[in-house]
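Summary of the model geometry
For reference, the chains in residue letters:
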Amino acid sequence: IKNKMATDNNVINFYSNREVPYGCFSNFSAHNIYLEGKSWPTTEHYFQAKKYEGQAYAEEIRKASGPSKAASLGRSRKYPLRPDWEQIKDQVMFDCCLVKFTQHSDIQQILLDTQNSILVEHTHNDSYWGDGGDGTGKNMLGKTLMLVREHIKQQQP
């Protein structure tokens, strides 16, 4: 599908990693990242593992068979979360998304082609990272991707 150029004040909703062309905005998209000396199958694997940094459980999450499994392991409270998680989770998300869109030029172009559009993770499943399905959520993943987009634009000549 040809990606039409987005215009100012456009809202682009995304959620599933199967959506074309915006499925790459999902943390479940099959775009591995290399970060902190390791390869991570998806940004979901990295994000969930960071909750348990320094614990053997983090490596179990990194090696999870897929992003759904990584998410499930990361949401378990069988092991204690790092004490500063709530303070650092937004930065962790920015870091792994920036790496993802820097290391994969094809999806970097999709992100840049959104121009100044508002990116919204549209789902009733999440009111922090998503919009809560009705716009009342914080949409932090959408906001993070817009920050990543601006950061990449500023790095370009």
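Residues numbered from 1 in each chain as written. Predicted model: local features only at pLDDT ≥ 70, side-chain atom pairs only at ≥ 80, totals over all residues. Heavy atoms only, no water.

Now for the side chain of His45. Mapping His45 onto the fold places it in helix α1 (residues 43-50). Accessibility expressed as a relative area gives 1% for His45, which makes it buried. Of the polar contacts made by the side chain of His45, one reaches the side chain of Thr42; its length is 2.6 Å. In this structure the side chain of His45 is engaged in a polar contact, spanning 3.5 Å, whose partner is the backbone oxygen of Gly66. Excluding residues that lie within four positions of it along the chain, His45 makes contacts with Trp40, Ile61, Arg62, Ala64, Gly66, Pro67 and Ala70. (Helix = DSSP H or I, 4+ residues; strand = E, 2+ residues; numbered from the N terminus. Buried < 20%, exposed > 50% of the residue type's maximum accessible area, 1.4 Å probe, protein only. Polar contact = N/O pair within 3.5 Å; in protein donor to acceptor, adjacent residues only side chain to side chain. Contact = heavy atoms within 4.5 Å.)

We now examine the layout of surface pockets. For the largest pocket, the calculated volume is near 520 Å³. Along the wall of the largest pocket there are 24 residues; nearest its centre are Phe28, Glu44, Arg75, Glu121 and Asp126. The set of elements that each furnish at least two residues to the lining of the largest pocket consists of α1 and α4 (85-103). The biggest single contributor to the lining of the largest pocket is α4, with four residues. (1 Å grid on protein atoms, 1.4 Å probe; cavity = no way out; pocket = protein on both sides within 12 Å on 5 of 7 lines; lining within 4 Å. Points joined across faces, edges and corners; volume = space filled by probe spheres on them.)

A separate point is the pairing of strand β1 (residues 11-14). Judged by which residues are buried, β1 turns out to be one-sided: Ile12 and Phe14 face inward and are buried, whereas Val11 and Asn13, on the alternate face, are not. Pairing of β1 with strand β4 (residues 118-121), which is carried by four bridges, proceeds in the parallel orientation. When the bridges of β4 are listed, Val11 appears paired with Ile118. (Pairing = 2+ DSSP bridges.)

Quick look at unusual backbone geometry now. Each neighbour pair has its own omega, and for Val20 with Pro21 the value is 0°, a cis peptide bond. Among the structural elements, Pro21 can be located in the loop between β1 and β2 (33-35). Non-glycine residue Glu36 carries a positive phi angle of around 55°. Mapped onto the fold, Glu36 is located in the loop between β2 and β3 (38-40). If you check the backbone angles, Asn139 has positive phi at about 55° while not being a glycine. By secondary structure assignment, the location of Asn139 is in the loop between β4 and α6 (140-155).

A few words now on the confidence of the model for the protein chain. Within the protein chain, residue pLDDT values average 94, and 94% of them lie at 70 or more. The model gives residues 1-8 a pLDDT under 50, and that stretch makes 17 contacts with residues more than four places away or in other chains. (pLDDT = per-residue confidence, 0-100.)

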